[in-house]
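# Coordinate analysis (summary)
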Amino acid sequence: MQMTRDLRIVSVQEWREAAEGTVSVRGLSAWYGRHRALTDVSLEVRPRSVTALIGPSGCGKSTLLRCLNRMHEVVLGATVSGQVLLEDEDVYGSGVDPVSVRRRVGMVFQQPNPFPTMSIYDNVAAGLRLAGTRNRGVLDGKVEQALRQAALWDEVKDKLRKPGTALSGGQQQRLCIARALAVDPEVLLMDEPASALDPVATARIEELMVELKRDYTVVVVTHNMQQAARVSDYTAFLLSEDGGGGALVEYGETRQVFEEPRDERTRDYVTGRL
Amino acid sequence: MISTYRRRKLANMLMLSLLGAAALVAVVPLIAVAAYVVLEGAGAINLDFFTQLPSPAGEAGGGMGNAVVGTLELVAIASALATPTGVMAGIYLAQQGRGTRLGPLVRLLSDVLNGVPTIVVGLFVYGLLVLTTGSFSALAGGVALGVIMLPVIARTTEEAVLQVPSSVREAALALGLPEWRATLRVVLPTARSGILTGVILGVARISGETAPLLFTAFGNSFWSLDPTKPIASLPVQIYNFATGPYESWHRQAWGAALVLMTMVLALNLAARWLSRSR
Ligand SMILES: Nc1ncnc2c1ncn2[C@@H]1O[C@H](COP(=O)(O)OP(=O)(O)OP(=O)(O)O)[C@@H](O)[C@H]1O
Ligand SMILES: [Mg+2]
């Protein structure tokens with residue numbers, strides 16, 4: 001049993017090396033009931049980089065993000081058309097279990113949402129236990145590793161049994177990041193992960209994103225232009241015009257999008273005129 | 001000017017004292033009942049009351065041990081049947097049933113069931129279990145009480161699950177937990193105190209029920225734990241003794257009333273405490 005699991009991990013790593021963990025969005029549209037929230041979005045997310053999604057409120061950034069790990073369909077009446085390729089497998093392909101997609105694509109929400117009844121340790125271990133890890137030593141090791149990656153270990157190592165909700169907002173958000181990292185996803189989605197935090201905590205999360213791109217593909221939604229410019233390598237600008245659902249206006253290297261935008265509307269937005 | 005003001009002030013005072021008086025009237029019966037039951041019943045409470053069988057007609061002494069145990073068994077059977085069913089129904093109403101046609105229908109029917117006179121529930125179980133098996137039984141009584149308890153648990157569970165922020169459930173799903181597991185491991189523990197409150201309120205609701213037991217559990221003058229045999233219960237014993245001709249029976253009935261009232265009061269306090277400590 002242990003053998004096969006190790007073998008699987010080795011092969012996933014090699015595979016990742018080769019396919020490089022790309023996410024390709026092709027002709028993606030999304031609806032909430034009859035309301036169209038996203039129109040024909042196509043973009044290639046580069047592996048091991050930070051990609052920022054920017055755009056005015058309501059343009060569909062969160063919707064796009066939630067389509068990437070099939071969390072969109074959790075909302076009652078929400079539907080999708082188009083493709084999202086993870087490596088080269090369509091996550092919307094027939095017979096693909098959303099649960100297995102979500103294990104490969106982790107997510108961090110705008111509001112920190114640790115499991116209220118679980119300790120710090122159990123929060124981080126929740127995903128591992130689900131995947132069948134029971135061995136105490138293995139759990140301890142992975143929990144510590146995830147908390148270190150999330151730059152939270154030093155602050156909580158003496159109170160791992162305390163409830164996760166007893167931490168500060170910024171610490172809770174890093175706990176949620178650790179929880180997502182513990183299961184070793186290929187992609188990490190973050191929806192305005194720092195918008196509920198003070199500047200110091202925000203700076204920590206930003207540092208973290210830059211750290212994380214060494215191992216993960218990071219996609220982050222942000223309203224903060226400086227933040228997008230600081231942490232991201234690529235930027236996608238979405239806009240919802242005359243209520244038609246958000247469409248991709250411009251996508252490219254962050255420096256280019258901010259300094260030499262090709263589209264008028266991008267220029268207006270990044271310079272604060274929209 | 002002045003006189004309008006004084007008139008308004010007077011009217012105001014009048015209304016306020018009326019409201020105050022009405023509030024008093026509303027609590028007076030409770031206090032009166034409680035005081036009366038304590039006064040009349042306290043004398044009958046002693047060790048024998050909990051350990052002895054009722055003494056033969058008219059003789060002094062004896063107790064209601066079998067009825068105390070019987071009530072506990074009936075409540076246990078009812079809870080064992082209604083808690084899992086009610087909790088699962090409540091989860092369905094709060095989560096999977098939303099946006100379907102079945103969900104609102106189940107909610108409506110469960111509210112209707114909550115309003116069905118309990119004697120009708122007893123009659124239904126009488127037809128379902130007593131006539132078919134040919135015998136009154138503890139099981140039939142437990143089923144009747146369980147049916148009465150079911151909607152209480154289902155609706156409080158629904159409320160408790162709805163109180164769990166959707167962000168918590170989404171966090172679990174985003175981590176790759178299948179829906180049933182997210183419900184079991186994350187949503188239910190978060191809603192636990194609310195659900196427990198519902199179960200306790202359900203127990204409080206049924207422990208004083210008399211009518212549905214009259215023709216299901218029936219009654220028993222002897223010790224019995226056998227679920228297939230008739231069983232004694234405090235409410236039915238109160239009914240029988242209070243309507244009987246003997247002074248000693250009346251005293252015992254008051255004692256039983258005191259025990260029952262204390263039990264329900266304690267359950268209600270526990271439910272309050274639980275829902276407040278959430
Ligand atoms: N649960 C929902 N039900 C119905 N409509 C929704 C829902 N969530 C979002 N929408 C609609 O979909 C559109 C896109 O919403 P989305 O949340 O993706 O925008 P956003 O770019 O993330 O905005 P913000 O920056 O304010 O977070 C909006 O018009 C919004 O009203
Ligand atoms: Mg959003």
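This one's a predicted model, so the numbers in the text were calculated from it and none came from an experiment.

Across the contact, 19 residues belong to chain B and 23 residues belong to chain A. In total, chain B and chain A occlude about 1,700 Å² of area from one another, counting both sides; carbon and sulfur atoms represent 69% of this. Contact with chain A buries surface across chain B, with Glu170, Ala174 and Leu175 of chain B losing the most and accounting together for 35% of the total. Along the contact surface separating chain B from chain A lie one salt bridge. Notably, a salt bridge pairs Arg66 of chain A with Glu170 of chain B, separated by 2.8 Å at the nearest N-O pair. Applying the counting rule to chain B against chain A returns three residue pairs in polar contact (both at pLDDT 80 or more). Mapped by element, the contributors of at least two residues to the side of chain B that touches chain A are helix H7 (166-174) and helix H8 (179-190) of chain B. At eight residues, the largest contribution of residues to the side of chain B that touches chain A is made by H7 of chain B. Considered class by class, the residues forming the side of chain B that touches chain A number ten nonpolar, four polar and five charged.

All names here are of chain A. Summarising the model, chain A shows a mean pLDDT of 90, and 92% of its residues fall at 70 or more. Looking over chain A, one finds the lowest element-wise mean pLDDT in helix H1 (residues 2-19), namely 52, and the highest in strand E3 (residues 50-54), namely 97. Segment residues 1-6 is flagged for pLDDT under 50; beyond a separation of four residues in sequence, or across chains, it makes one contact in the model.

This next bit is on the site of ligand 1. Residue and element names in this part refer to chain A. The local shell around ligand 1 holds 13 residues, among which Ser57, Lys61, Ser62, Thr63 and His223 are the closest. A distance of 3.1 Å separates an oxygen atom of ligand 1 from a polar atom in the side chain of His35. Note that an oxygen atom of ligand 1 is positioned 2.4 Å from one of the side-chain N or O atoms of Ser57. Put simply, the parts of the chain that give the shell around ligand 1 at least two residues each are strand E2 (35-45) and helix H2 (61-68). Top contributing element to the shell around ligand 1 by residue count: H2, with three residues.

Moving on: the nonpolar core. One finds Leu28, Leu53, Leu64, Phe115 and Leu189 of chain A together with Met149 of chain B to be the most contacted residues of the largest nonpolar core, which totals 78 residues. Here this core gets eight residues from one element, more than from any other, and that element is helix H3 (residues 65-94) of chain B. Other than its neighbours up to four places away in sequence, Phe115 of chain A contacts Asn123, Ala126 and Arg179 of chain A together with Val168, Ala171, Ala172, Leu175 and Val186 of chain B. If you look at the next biggest cluster of nonpolar residues, it comprises 46 residues, including Ile120, Leu128, Ile205 and Val270 of chain A.

So, how was this worked out
- Each chain has its residues counted from 1, running along the sequence as written.
- Chain A is the first chain written and ligand 1 is the first ligand written, with later ones labelled in order.
- Predicted model: local features are reported for residues with pLDDT of at least 70 only, side-chain atom pairs are reported and counted for 80 or more only, and whole-chain, interface and lining totals are derived from all residues.
- Excluding hydrogens and water, the side-chain values take into account all heavy atoms of the structure.
- Only heavy atoms enter the contact rule, under which two residues are in contact if any of them lie within 4.5 Å.
- Two parts placed together each lose some accessible area under a 1.4 Å probe, and the buried area is that loss summed for both.
- Note on definitions: salt bridges are taken to be side-chain nitrogens of Lys or Arg within 4 Å of carboxyl oxygens of Asp or Glu.
- N or O atoms closer than or at 3.5 Å make up a polar contact, with two conditions inside protein: a donor-capable atom paired with an acceptor-capable one, and, for residues adjacent in sequence, both atoms drawn from side chains.
- Helix and strand definitions here come from DSSP, where helices need a minimum of 4 consecutive H or I residues and strands a minimum of 2 consecutive E residues; each element is numbered from the N-terminal end.
- Any residue outside Ala, Val, Leu, Ile, Met, Phe, Trp, Tyr, Cys, Pro, Asp, Glu, Lys and Arg is labelled polar, Gly included; the first ten of those are nonpolar and the last four are charged.
- Every residue gets a pLDDT, meaning the predictor's confidence in that residue, from 0 to 100.
- Being near a molecule or strand, for a residue, means having at least one of its heavy atoms within 4 Å of it.
- As used in this record, nonpolar core signifies buried Ala, Val, Leu, Ile, Met, Phe, Trp, Tyr and Cys residues forming a set joined through side-chain atoms within 4.5 Å.
- Each residue gets one of three labels from its accessible area relative to the maximum for its type: buried under 20%, exposed over 50%, partly exposed in between, using a 1.4 Å probe on protein chains only.

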